[in-house]
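Inside the fold
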Amino acid sequence: MASAAYKYIIVGGGVSAGYAAREFVNQGVKSGELAIISKEAVAPYERPALSKAYLFPENAARLPGFHVCVGSGGERLAPEWYAEKGIELILDTEVVKADIATKTLTTSAGNSFKYDVLVAATGSTFIKLSDFGVAGADSKGIYYLREIREADSLIEAIKSKKDGHAVVVGGGYIGLELAAVLTMNKLQVTMVYPEPWCMPRLFTSDIASFYEGYYLSKGVKIVKGTVASGFELDAEGHVTAVKLKDGRELAADIVIVGVGARPLTTLFKGQLEEEKGGIKVDGFFKTSNEDVYAVGDIATFPMKIYGEQRRVEHVDHSRKSAIQAVQAIKAKEEGRSIPEYDYLPFFYSRAFDLSWQFYGDNVGETVSFGRDEAAATKKFGGYWVKDGKVVGVFLEGGSAEENKAIAKVARLKPSIDSIEALTSEGLAFISKV
Ligand code: FDA
Ligand code: NAD
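In this numbering scheme, every chain counts its residues from 1 along its sequence in written order. All chains are assigned letters beginning with A, and all ligands numbers beginning with 1, in the order in which they are written. Owing to the predicted nature of the model, reporting of local features is limited to residues with pLDDT of at least 70; listing and counting of side-chain atom pairs is limited to 80 or more, with chain, interface and lining totals taken over all residues. Based on all heavy atoms of the structure, the side-chain values leave hydrogens and waters out of the count.

Quick look at the site of ligand 1
Neighbouring ligand 1 are 32 residues; Glu40, Lys52, Arg146, Glu147 and Asp297 lie closest to it. Val95 places a polar main-chain atom, nitrogen or oxygen, 2.9 Å from a nitrogen atom of ligand 1. Any N or O atom pair separated by 3.5 Å or less is treated as a polar contact, with the protein-specific requirement of one donor-capable and one acceptor-capable atom, and with residues adjacent in sequence counted only for side-chain atom pairs. Separating an oxygen atom of ligand 1 from a backbone N or O atom of Val315 is a distance of 2.9 Å. With the chains in place, 95% of the 990 Å² that ligand 1 exposes on its own is no longer accessible. Numbering goes from the N terminus for both helices and strands, where a helix is a DSSP run of H or I of at least four residues and a strand is a run of E of at least two. Secondary structure elements with two or more residues in the shell around ligand 1: α1 (15–27) and α6 (315–333). Polar here means any residue outside two lists: the nonpolar Ala, Val, Leu, Ile, Met, Phe, Trp, Tyr, Cys and Pro, and the charged Asp, Glu, Lys and Arg; Gly therefore counts as polar. Looking at the shell around ligand 1 residue by residue, the class counts come to eleven nonpolar, twelve polar and nine charged. Where each domain starts and ends comes from a domain assignment, either automatic or drawn from a database. Looking at which domains feed residues into the shell around ligand 1, each of domain 1 (3–125 + 262–334) and domain 2 (129–259) gives three or more. The rule for a residue being near a molecule or strand is that one of its heavy atoms must lie within 4 Å of it. Values of accessible area rely on a 1.4 Å probe in the Shrake-Rupley scheme; residue burial ignores everything except the protein chains shown.

This is the structure we're talking about:
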């Protein structure tokens, strides 16, 4: 069994890993000092593409087109880039053991890797319906989406089930983005979710009603207030229908499940302090161990702006946390200090020809603006107001300048005169801040 040693190892080869590698290079890493060990067979890429352009029926995105860091307007780091910079990209390799005491990682092939400093960037995995005890949830024709190989299997299924029925289980990010892209692929799509409206983690019933109406207009059927409880299978064990808890059945050639994610922290269980389901880090992404940093989906970090520890499962934070961690590692080596992470939550989604952005915190009272069913343009949004201050802003169809302005509002948390005044000002309020 082989063994190797690196000054820095990043375990995980997703979004954070790619942005961390670029920052290591920016900060001056020497050839041979850094290795990335990834379960995936490809160099880090912009994961959000997998539920959007990667699945388009025409002009679909393909690697190497969406390797990091193109998602934030940066240089595209193709596999050759890592070779040129002397970064070891160890792909198709799962780390099965992390021994923090001896600073050793062991892979499923039994190889071991020693590090001086470890950056944990293992991201999340999907929650499976079998985790909820749903029988038959691993049958043929049932798909989950996290990595490129799952997206490739889904593309094969889409091709082989032309004009068929797709059932999308879950009304969150994956549910809404997949329902749209499957409809674009001419499948007949039904969404099913337990809540009274889609994306309840963020949307108000008012915001959700717009998207539900839009999806209905595109031919998507929506079944709310119930969950998948089982499946009908054919003689080959391929799914033919989804059984619902309320007794109904939905015909299905393909089932896509998006019922949430779970951070991959098991390698570090009992070795690093945890909080709120993630690995607890400080404002520099340092864990309870001096030489281990954790970034992206797995990190529970101090959200300075709201004075509490939070975990965020979105790409903007995965990029920024990786950059912060690498800057902190280098600053520590050089005896410098850098400012603590001060993150403003930013979430977004795109589906059909719609595109929304949200900044800040979705707590407190809500104020809607701009909804006009008759208008050709679909620009509308909402504010969240807490203690007389605007703390969160949602905007569908915003221009680049407007999106920049709502970010500023959420960051500055301006006071309002009254809910009534904010309601009548609507979107115009952002230009005053
Ligand atoms: P990420 O999941 O990117 O990478 C983790 C890496 O670690 C993977 O390569 C994995 O294989 C590897 N790994 C895990 N365990 C390992 C082990 N033991 N050994 C070796 N390697 C291991 N967000 C957003 O803001 N806007 C969006 O539009 C989208 N869209 C979107 C679509 C889809 C399909 C998904 C699944 C997710 C999104 N997201 C998103 C969320 C966003 O992609 C996510 O928050 C970041 O990718 C998180 O970055 P990380 O680097 O933490 O994990
Ligand atoms: P999610 O948390 O956004 O949504 C989960 C949804 O599952 C809930 O809204 C609910 O409707 C549904 N649900 C829960 N239990 C259910 C059950 N028993 N039966 C049916 N439905 C049930 O999670 P997701 O959509 O699976 O996304 C997975 C991960 O990918 C998350 O980390 C998410 O942030 C990320 N992602 C983000 C984006 C984006 O930011 N645009 C896009 C895609 C994926």
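Comments concerning empty space enclosed by the protein
Two kinds of site are reported from a 1 Å grid over the protein atoms alone, namely cavities, where a 1.4 Å probe fits but cannot get out, and pockets, open sets with protein on both sides within 12 Å along at least five of seven lines, and residues are called lining when an atom falls within 4 Å of a point. Grid points are joined across faces, edges and corners, and a volume is the space filled by probe spheres set on the points. Per the stated rule, a full pass over the model turns up three cavities of 30 Å³ or more. Taken as a whole, the largest cavity spans an internal volume of roughly 80 Å³. Considering the residues around the largest cavity, the lining is formed by Leu176, Met199, Phe203, Tyr211, Tyr215, Ser349, Arg350, Ala351, Leu354 and Trp356. Counting only elements with at least two residues in the lining of the largest cavity, the list comes to α5 (205–217), β22 (346–351) and β23 (354–360). Of all the elements, β22 adds the most residues to the lining of the largest cavity, at three residues. Of the residues contributing to the lining of the largest cavity, the split by class is eight nonpolar, one polar and one charged. By volume, the second largest cavity is sized at about 60 Å³. Residues belonging to the lining of the second largest cavity are distributed by class as follows: two nonpolar, two polar and five charged.

Structural notes on the UniProt feature "domain: FAD/NAD(P)-binding" (unreviewed entry) in the protein chain
UniProt positions are given in the numbering used here, feature names are shortened, and annotations may be inferred rather than shown by experiment. Using the residue numbers shown here, the UniProt feature "domain: FAD/NAD(P)-binding" (unreviewed entry) corresponds to residues 6–321. Within the segment residues 6–321, helix and strand shares are 20% and 28% respectively, and the terminal C-alpha atoms sit 22 Å apart.

Comments concerning the site of ligand 2
Contacts to ligand 2 come from 22 residues, most closely from Ile174, Glu195, Gly260, Glu313 and Tyr348. Measuring from a nitrogen atom of ligand 2, one finds a side-chain N or O atom of Glu177 at 2.8 Å. About the coverage of ligand 2: the protein hides 85% of its 850 Å² of free accessible area. Of all the secondary-structure elements, those providing two or more residues to the shell around ligand 2 are α4 (173–184) and β22. With three residues, the top contributor of residues to the shell around ligand 2 is α4. When the residues that make up the shell around ligand 2 are grouped by side-chain class, the tally is eleven nonpolar, seven polar and four charged.

Section: α5
One less than the residue count of a helix, multiplied by 1.5 Å, gives the span that helix is expected to have. Look at α5: 18 Å from first C-alpha to last across 13 residues, which is about the 18 Å you get at 1.5 Å a residue. When we look at burial in α5, the residues that qualify are Ile207, Ala208, Phe210, Tyr211, Glu212, Tyr214 and Tyr215. Immediately downstream of α5, the backbone of Gly219 shows phi near 100°, a positive value. Each residue gets one of three labels from its accessible area relative to the maximum for its type: buried under 20%, exposed over 50%, partly exposed in between, using a 1.4 Å probe on protein chains only.

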